[in-house]
Amino acid sequence: MAGDGPSDVEEHHRHEEDAMLLPELVAHLREHRTVLREEWASRINEAHLLSAMTPQEVFSEVTSVYDNYVGVLETGSVDELRDYARDLSERIIPRGVETHEVIGIVLLLRDVLARSLFEKYRDDFDLLNRVLNAYEPAANRIATTVAGSFVEERERVIRQQQDSLRELSTPVLQVRERLLILPIIGVLDTDRAHQLTDQLLHAIRSHRARVVVIDITGVPDVDESVADHLVKTVDASRLMGAGVIITGLSSEIAQTLVTIGVDLSKMNTVGDLQGGIEEAERLLGFRVVRADDADR
Amino acid sequence: MPTADLEPSGPLRVSILTQGGYLVASVHTALDDGQLLRFRRDLLDQIGSRRSRGVVIDVGALDVIDSFACHTLRTIAEVARLRGAETVVVGIRPDVALAMVELGASLGPVTTALDLEEAFEVLADRAAVPPAGPLR
């Protein structure tokens, strides 16, 4: 914005002057480190934050956070703090520490330190104002950094858990040479159906499967898009040279499929998993015989 | 093993080899519609001249199998059957298979198998008598 030039320069100048106050501020916070840290710890305790951690743990974390906090005020760089906050989050997230607690403790520290500044500069109101001008932006940046790192870390953990859940939820198992079973348990949404097909097709290739039994006993409901996807899975498996047998269609699901008019003529279905495996064995040329029958 | 180059002057796009009484056609690169038609003609000619009992078409090198390619493969299988040879398409990759069903490109009744080895097994299962190969 042209025209604002002079005031910009003025502001810039004032900012520089305020920044000069930071070293003084840091020295003050270092000097009263023990008192302020204890004050902060007791405020955390009063507010019932970090209740999942023991007092010793809280004390040691509080010490590091305090030193990091003052360090940021001194250097103006939040990089180190960000690393520390990530590391801290990694440790405390599994303990069940919540986002509001983390933001709460950082804001408490901000307030504890601000109060000590009030105390120190209360006789010189103008100076206090300038000290706060220097302190507040830095303090806000610290709060944002810590909260941001915590949330990022939490999201990372959630993503990781989702990934492993997704993999766990659709095991592709080999029961005999060339025979895979794919028991599906739980709600099949489009995403999962897609991922399942992908996993199955790769498993067909790696296990050199010729027959696949997909058991959907554990699927509570099948809608049109999922049924459609099942048909596609069957087709795609066939293109790779593997026949698919679907087992465990409940009467409700079977009725739904017929009602919504999914073309099941190409699907090979057998009542239950046992029947499906027997049929698959027959297709593959296996014959399962009881040991005592075979001896005779 | 004899090979037949479809385009003597250009790069080799499909090689047709014999194995026992079977023909094995390997598609090396994507084929355009004209090349597909030429491939079809050459393959069907060779089924006659070599008296093949079975044909294996390996499409493992293809990233895309579109509806025209499917149509060509279906036609080959049908014509080959009329001339006394079973056709097995092998090597369709997982992502290609998925793309084909998503696009509705279907191979219809054409037999498929995972790879050459499987295809020979399938063909051996189908043949009541062992394939009549050249004297060895």
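Per chain, the residues get numbers from 1 upward, laid out in the order the sequence is written. Each chain is given a letter, starting from A, and each ligand a number, starting from 1, according to the order in which they appear as written. At least 70 in pLDDT is required for a residue's local features to be given in this predicted model, at least 80 for side-chain atom pairs to be given and counted, and no such filter applies to totals for whole chains, interfaces and linings, which use all residues. Derived side-chain values reflect all non-hydrogen atoms in the structure, with water molecules and hydrogen atoms excluded from consideration.

Here, two residues are considered to be in contact whenever any of their heavy atoms come within 4.5 Å of each other. Across the contact, 17 residues belong to chain A and 19 residues belong to chain B. Here chain A and chain B share an interface that buries about 1,800 Å² over both sides, 55% of which is from carbon and sulfur atoms. By salt bridge we mean one thing: a side-chain nitrogen of Lys or Arg within 4 Å of a carboxyl oxygen of Asp or Glu. Summed over the shared surface of chain A and chain B, the number is eight salt bridges. The partner of Arg208(A) in a salt bridge is Glu118(B), and the shortest N-O contact between them spans 3.5 Å. Here a polar contact is taken to be a pair of N or O atoms separated by no more than 3.5 Å, where protein atoms must pair a possible hydrogen donor with a possible acceptor and residues adjacent in sequence count only if both atoms sit in side chains. Between chain A and chain B we count eight residue pairs in polar contact (both at pLDDT 80 or more) in total. Strands are runs of DSSP state E lasting at least 2 residues, helices are runs of H or I lasting at least 4, and numbering of each runs from the N terminus. Among the secondary structure elements, those contributing two or more residues to the side of chain A that touches chain B are α7 (190-207) and α8 (224-239) of chain A. Examining the composition of the side of chain A that touches chain B, we find that seven residues originate from one element, α7(A), more than from any other. Buried area: the accessible area, evaluated with a 1.4 Å probe, that two parts lose upon being put together, summed over both parts.

This brings us to the pairing of strand β1 (residues 173-176) of chain A. Residue and element names in this part refer to chain A. Note on pairing: DSSP must find at least two bridges between two strands before they are called paired. Looking at chain direction, β1 and strand β2 (residues 179-185) are connected through three bridges and run antiparallel. From the neighbouring strand, Gln 174 faces β2, where its bridge partner is Leu 180. Hairpin connection between β1 and β2: a loop of two residues separates the two successive antiparallel strands, and Arg 178 in this loop has a positive phi of roughly 70 degrees.

Ile204(A), Phe39(B), Leu43(B), Ile57(B), Ile65(B), Ile92(B) and Leu107(B) are the most contacted members of the largest nonpolar core, which has 66 residues in total. A per-element tally of this core places α8(A) first, with seven residues. Those residues in contact with Ile57(B) that sit more than four places away from it in its chain are Ala25(B), Val27(B), Phe39(B), Leu43(B), Leu73(B), Ile76(B), Thr87(B), Val88(B), Val89(B) and Val90(B). To define a nonpolar core, start from buried Ala, Val, Leu, Ile, Met, Phe, Trp, Tyr and Cys residues and group those joined through side-chain atoms within 4.5 Å. Exposed residues in this analysis have more than 50% of their type's maximum accessible area, buried residues have under 20%, and partly exposed residues fall in between, with area computed by a 1.4 Å probe over protein chains only. Grouped together as the second largest cluster of nonpolar side chains are 48 residues, Val72(A), Leu132(A), Ala138(A) and Ile142(A) included.

If you want to describe how two helices pack, look at the angle between their axes and the distance between the axes. Residues and elements named next belong to chain A. Contact geometry of helix α2 (residues 33-46) with helix α5 (residues 99-121) gives a least axis separation of 10 Å together with a crossing angle of 135 degrees. Between α2 and α5, the angle falls in the class oblique. Considering the relative orientation of α2 and α5, their crossing is right-handed. Taken together, the residues of α5 that come into contact with α2 (itself represented by Leu 36, Glu 39, Trp 40, Arg 43 and Ile 44) are Ile 105, Leu 108, Leu 109, Val 112, Leu 113 and Ser 116. Just so you know the grouping, Ala, Val, Leu, Ile, Met, Phe, Trp, Tyr, Cys and Pro go in nonpolar, Asp, Glu, Lys and Arg go in charged, and all remaining residues, Gly too, go in polar. When grouped by side-chain class, the residues that make up the contact of α2 with α5 number eight nonpolar, one polar and two charged. Geometry is summarised by axes, namely lines fitted to C-alpha atoms with helices restricted to the contacting stretch, and by angles between N-to-C directions that run from 0 to 180 degrees. These descriptions rest on fixed angle ranges, namely under 35 degrees for roughly parallel, over 145 for roughly antiparallel, 65 to 115 for roughly perpendicular, and the rest for oblique. Throughout, a crossing is termed right-handed when the near helix is turned clockwise from the far one, and left-handed when it is turned anticlockwise from it by less than a right angle.

The next thing to look at is the side chain of Arg192(A). All names here are of chain A. Note that Arg 192 resides in helix α7. By relative accessible area, which is 11% here, Arg 192 ends up buried. Within the structure, Arg 192 has its side chain in polar contact with the backbone oxygen of Val 187 (distance 2.9 Å).

Attention now moves to the confidence of the model for chain B. Residue and element names in this part refer to chain B. Each residue gets a pLDDT score, which is the predictor's confidence in that residue and runs from 0 to 100. When the pLDDT values of chain B are averaged, the result is 83; 85% of them are 70 or greater. Counted against residues more than four places away or in other chains, residues 1-9, with its pLDDT under 50, gives 23 contacts. Taken over the whole predicted complex, pTM reads 0.60, whereas the ipTM for its chain interfaces reads 0.76.

Where charged atoms from two side chains of opposite charge come close, those side chains can pair. Residues and elements named next belong to chain A. For the coordinates displayed, the defined rule picks out 27 salt bridges over all chains. The closest approach of N and O atoms between Glu 74 and Arg 30, which form a salt bridge, is 3.1 Å. Here Glu 74, found in helix α3 (residues 55-75), pairs with Arg 30, found in helix α1 (residues 5-31); they are 44 residues apart in sequence, far enough to count as distant. Salt-bridge contacts for Arg 33 lead to Asp 67; the nearest nitrogen and oxygen are separated by 2.8 Å. Residue Arg 33 is found in helix α2, and its partner Asp 67 is found in helix α3; the two are separated by 34 residues along the sequence. For Asp 67, a relative accessible area of 32% corresponds to the partly exposed category.

Right, let's get into the environment of Arg51(B). Tracing the chain through its elements places Arg51(B) in the loop between α1 (33-50) and β4 (54-58). For the pair Arg51(B) and Tyr22(B), spaced 29 residues apart in sequence, the C-alpha separation works out to 8.7 Å.

All names here are of chain A. Extensive coverage of strand β3 (residues 211-218) is indicated by the burial of six of its eight residues. For β2 and β3, the ladder comprises six bridges, and the chain directions are parallel. Note that in β3 the partner of Pro 183 across the bridge is Asp 215. Here, the term right-handed applies to a crossover whose path from the first strand over the helix to the second runs clockwise when the strands point away from the viewer. For the segment spanning β2, α7 and β3, crossover handedness is right-handed. Bridge analysis of β3 against strand β4 (residues 243-247) gives five bridges, and the strand direction is parallel. Residue pairing across strands places Val 211 opposite Gly 243, the latter belonging to β4. Between the parallel pair β3 and β4, the chain is carried across by α8, and the sense of this crossover is right-handed.

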